[in-house]
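Per-entry structural report
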Amino acid sequence: MIKIGYLGPKGTYTEKAAEKYFTGIDKEMRAYRTLPELFSAVKSGEIDKAVAPIENSVEGSVNQTLDLLAQEKGVAIQGEIILTIKHALMAKPGVKVNEITKVISHGQALAQCSRFLETFLPDAALVEAVSTAEAAVQIVNSDQPWAVIGNPDIGEIYSLNILEYDIQNCTANRTRFVILGQSGQPITNANKTSILISITDRPGGLYQVLKEFALVNINLTKIESRPAKNKLGNYIFFIDFMGNPADGLVEKCLNRVREMTAEFRILGIYKGAETAYSYSVEKSVLNLEQVREDIDIIDRQIVELLAMRTQLVKIIADLKGAHQKIRDRKREEQILERLTAEARKKGVSPKLIKELYNLLFTHFVGLQKIRRQRGKAYRQVSTKQLP
Ligand SMILES: O=C(O)C(=O)C[C@]1(C(=O)O)C=C[C@@H](O)C=C1
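Residues numbered from 1 in each chain as written. Predicted model: local features only at pLDDT ≥ 70, side-chain atom pairs only at ≥ 80, totals over all residues. Heavy atoms only, no water.

Section: a negative patch on the surface
- Side chains of E289, E293, D296 and D299 sit close together on the surface and give a patch of like negative charge.
- Along the chain, the position of E293 falls in helix α11 (residues 288-320).
- By relative accessible area, which is 45% here, E293 ends up partly exposed. (Patch = residues over 30% accessible without salt bridge, like charges linked within 9 Å, V, L, I, M, F, W, Y side chains within 5 Å. Areas by Shrake-Rupley, 256 points an atom, 1.4 Å probe, with all protein chains shown as cover. Salt bridge = Lys/Arg side-chain N within 4 Å of Asp/Glu carboxyl O. Lys, Arg positive; Asp, Glu negative; His and termini not counted. Charge placed at Lys NZ, Arg CZ, Asp CG, Glu CD. Helix = DSSP H or I, 4+ residues; strand = E, 2+ residues; numbered from the N terminus. Buried < 20%, exposed > 50% of the residue type's maximum accessible area, 1.4 Å probe, protein only.)

Some remarks on the domain arrangement of the protein
- Segmentation of the protein into domains returns domain 1 (1-82 + 174-185), domain 2 (86-167), domain 3 (188-281) and domain 4 (288-385).
- Here the C-alpha centre of domain 4 lies 65 Å away from the C-alpha centre of domain 2. (Domains from an automatic or database assignment.)

Some points on helix α6 (residues 132-140)
- Looking only at α6, the buried set comprises T132, A133, E134, A135, A136 and I139.
- As for α6, its buried residues are in contact with β7 (102-106), α4 (107-112), β8 (125-129), β9 (146-150) and α7 (153-157). (Contact = heavy atoms within 4.5 Å.)

Topic: empty space enclosed by the protein
- Going through the model one piece at a time under the given rule, you end up with two cavities of 30 Å³ or more.
- Here the largest cavity defines a volume of roughly 70 Å³.
- Counting residues per element, the lining of the largest cavity draws most heavily on strand β14 (residues 235-242), at three residues.
- Residues of the lining of the largest cavity, tallied by class, amount to eight nonpolar, one polar and four charged.
- Taken together, domain 1 (1-82 + 174-185) and domain 3 (188-281) each give at least three residues to the lining of the largest cavity, which thus spans both. (1 Å grid on protein atoms, 1.4 Å probe; cavity = no way out; pocket = protein on both sides within 12 Å on 5 of 7 lines; lining within 4 Å. Points joined across faces, edges and corners; volume = space filled by probe spheres on them. Nonpolar A, V, L, I, M, F, W, Y, C, P; charged D, E, K, R; others polar.)

Regarding the sheet that holds β7
- If you trace the five strands from one edge of the open sheet to the other, you get β8-β7-β9-β6-β10, paired in mixed fashion. Every other strand in the sheet has two partners, leaving β8 and β10 (161-164) as the edge strands with one partner each. Strand after strand, the sheet turns through a mean of 35° between neighbouring axes, direction not considered.
- Both strand β6 (residues 88-91) and β9 contribute to a ladder of four bridges, which runs antiparallel. Each bridged residue has a counterpart across the sheet, and for L89 the counterpart in β9 is I149.
- Strands β7, β8 and β9 of the sheet are contacted by α6, whose axis makes an angle of about 160° with β9. (Pairing = 2+ DSSP bridges. Axes fitted to C-alpha atoms, helices over the stretch in contact; angles between N-to-C directions.)

Printed below as a string of structure tokens:
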């Protein structure tokens, strides 16, 4: 029998998600009051698996779950499940909608029903609880005309009356829950990976990372930033994508990302709940159109990088001023030596690199000469214009 923990108390959507994910499995369900308690329980081995909400289609990420994933290194994502959320307004028997003075629920549930609350209960106080079921417990223990918003099952569990069904702002209200376990347990049929990265502060840092995924045609399903909590302005990024690092292409892509990031961690490799777009190496290898699309992406990148190089050479030209020699053969030799060695390592022809770079050097020397000439002409014109 496996022990499964969830964000309780009984009746939460998370319990529903856990029941559904582990249907037909001999299990003992344990409710935890808070997400930190749930995470420590799975980390210590007190429970085998934990289920926690991570993202809602209306309200976005559950920040506390993301922060705990970042903090708790011994906990990994091992699966996920998506539930359609339908909220109900519930109160103790006898309480009518127009008598309600306070509505208690999880912050996300209150936000997801904001339109109903503004229209039908504009004067009621809105109070947040750690979970929807915890809010129900508060209602049960009070003799005030208060109400709770949550999963209609709560009504039955806590003997509350359902006053209104389906009160959420959007009908397509869905929540994704993650299944957590201790790190290092392999998952079969895994086709999705979640990683955490932090990027050193430099222009284009995040772009360079995302580019690596685009180049090998990996579909990112989510990217979210959270404060790194060490310095204002420092962020960590959570990235989910379709693919498994057991795939050579995915592994190479992640190795490159690891090299260019200050922090890199795999949060989980698991079976995705939805596989609308599934990544396949075979597809990109066998399909001519697909390979050409990949080449088009790379060619665009090459032009973009050349544009950046051009800007830098222009800065060099201005730094050299009017008298320093433009051509620097020693520097060219150093560049060629480094790049041909790197090319050899990566299976690129060193001859190609030599030819390509000799062409680039000639071009960039020419560009600097023209710039110097223009500068001279400009200085002459400006002098003439001087009184
Ligand atoms: O580094 C320099 O001094 C440059 O002018 C740039 C650059 C280059 O394109 O990398 C161009 C010409 C020089 O001969 C050497 C290098």
